[in-house]
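# Residue-level structure breakdown
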Amino acid sequence: DGYTLDDFCNSHDAQTAEVTRAEVTAVRLYSGPSHAPLNAALRTKNIAPWATTISLCYSGIMKLSMLAKPARVFRGVKGTNVEGAVDVRLKDGWD
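Residues numbered from 1 in each chain as written. Predicted model: local features only at pLDDT ≥ 70, side-chain atom pairs only at ≥ 80, totals over all residues. Heavy atoms only, no water.

## Digging into the overall build of the protein
How we decide: Helix and strand labels come from DSSP, where a helix needs a run of H or I of at least four residues and a strand needs a run of E of at least two; each type is numbered from the N terminus. Burial status follows relative accessibility: with a 1.4 Å probe on protein chains alone, a residue under 20% of its type maximum counts as buried, one over 50% as exposed, and anything between as partly exposed. Using a 1.4 Å probe, the Shrake-Rupley method yields the accessible areas, and only the shown protein chains count as cover for residues.
Looking only at helices and strands, the protein features 5 helices and 2 strands. In sequence order, the protein lays out its α and β elements as α-α-α-α-α-β-β. Counting over 95 residues, the protein shows a buried share of 17%. Of the accessible surface of the protein, which amounts to about 7900 Å², a share of 56% is contributed by carbon and sulfur atoms.

Okay, here's the thing in structure tokens:
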């Protein structure tokens, strides 16, 4: 008894962000096993077969991200205690 596509489309966040049904579908695809071929297409720059899905996913995520409060995100720290972590200044800015 999981959520249906309509449930996601009718959610408060989706309605507030004005995410389209196609964008919700693309984001849902990316949040499951379909992330693998989408990531492969992006890494190899062979996006033609996935161009529409990638575009819809991007626009949906951009719309939804406008609802989130800014927060620091740590990447690549699995198994690491990030409490009290020090900011690392990279050549082009903060990472």
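Right, picking up where we left off after that structure.
## What to know about the side chain of glutamate 23
Selection criterion: Here a polar contact is taken to be a pair of N or O atoms separated by no more than 3.5 Å, where protein atoms must pair a possible hydrogen donor with a possible acceptor and residues adjacent in sequence count only if both atoms sit in side chains. In this analysis, two residues are considered to be in contact whenever any of their non-hydrogen atoms come within 4.5 Å of each other.
By secondary structure assignment, the location of glutamate 23 is in helix H3 (residues 21–30). Residue glutamate 23 is classed as buried on the basis of its relative accessible area, which comes to 5%. Engagement of the side chain of glutamate 23 in a polar contact is seen with the side chain of lysine 63, the distance being 3.0 Å. If we skip the residues at most four places from it in the chain, glutamate 23 touches Glu18, Leu56, Ser59, Gly60 and Lys63.

## Some points on the layout of surface pockets
We apply this condition: As defined here, a cavity is a set of points on a 1 Å grid over the protein atoms alone where a 1.4 Å probe fits but cannot get out. A pocket is an open set with protein on both sides within 12 Å along at least five of seven lines, and residues line them when an atom is within 4 Å of a point. Grid points are joined across faces, edges and corners, and a volume is the space filled by probe spheres set on the points. All amino acids are sorted into three groups, where Ala, Val, Leu, Ile, Met, Phe, Trp, Tyr, Cys and Pro are nonpolar, Asp, Glu, Lys and Arg are charged, and the leftover types, Gly among them, are polar.
By volume, the second largest pocket amounts to about 210 Å³. What lines the second largest pocket is simply Phe8, Ser11, Asp13, Ala14, Val19, Glu23, Val24, Val27, Arg28, Ser31, Leu64 and Leu67. Put simply, the parts of the chain that give the lining of the second largest pocket at least two residues each are helix H2 (12–17) and H3. Per-class residue counts for the lining of the second largest pocket are 7 nonpolar, 2 polar and 3 charged.

## Some words on the pattern of salt bridges
Stated precisely, the cut-off is as follows: A pairing counts as a salt bridge when a side-chain nitrogen of Lys or Arg comes within 4 Å of a carboxyl oxygen of Asp or Glu.
Throughout the structure, instances matching the rule amount to 2 salt bridges. Across the salt bridge formed by arginine 21 and aspartate 6, the nearest N and O atoms sit 2.6 Å from each other. Here arginine 21, found in helix H3, pairs with aspartate 6, found in helix H1 (residues 5–9); they are 15 residues apart in sequence, far enough to count as distant. On the basis of relative accessible area, arginine 21 is assigned to the partly exposed category, the value being 44%. A residue is classified by how much of its surface remains accessible, and aspartate 6, at 40% relative accessible area, is partly exposed. Glutamate 23 serves as the salt-bridge partner of lysine 63, at 3.0 Å between the closest nitrogen and oxygen. Separated by 40 residues along the polypeptide, lysine 63 in helix H5 (residues 51–65) and glutamate 23 in helix H3 bring together distant segments of the chain.

## As for the packing of aromatic side chains
Just so we agree on the cut-off: Put simply, two rings from Phe, Tyr or Trp (the six-membered ring, in Trp's case) pair if the centres are within 6.5 Å, and we call them stacked under 30 degrees between planes, edge-to-face over 60, tilted for the rest.
Counted by the stated rule, this structure contains 1 aromatic pair. Ring geometry for tyrosine 3 against phenylalanine 8: centres 5.4 Å apart, planes inclined by 50°, an arrangement best described as tilted. Residue classification places tyrosine 3 among the exposed positions, given a relative accessible area of 68%. Taking relative accessible area as the criterion, phenylalanine 8 reaches 26% and is therefore assigned partly exposed.

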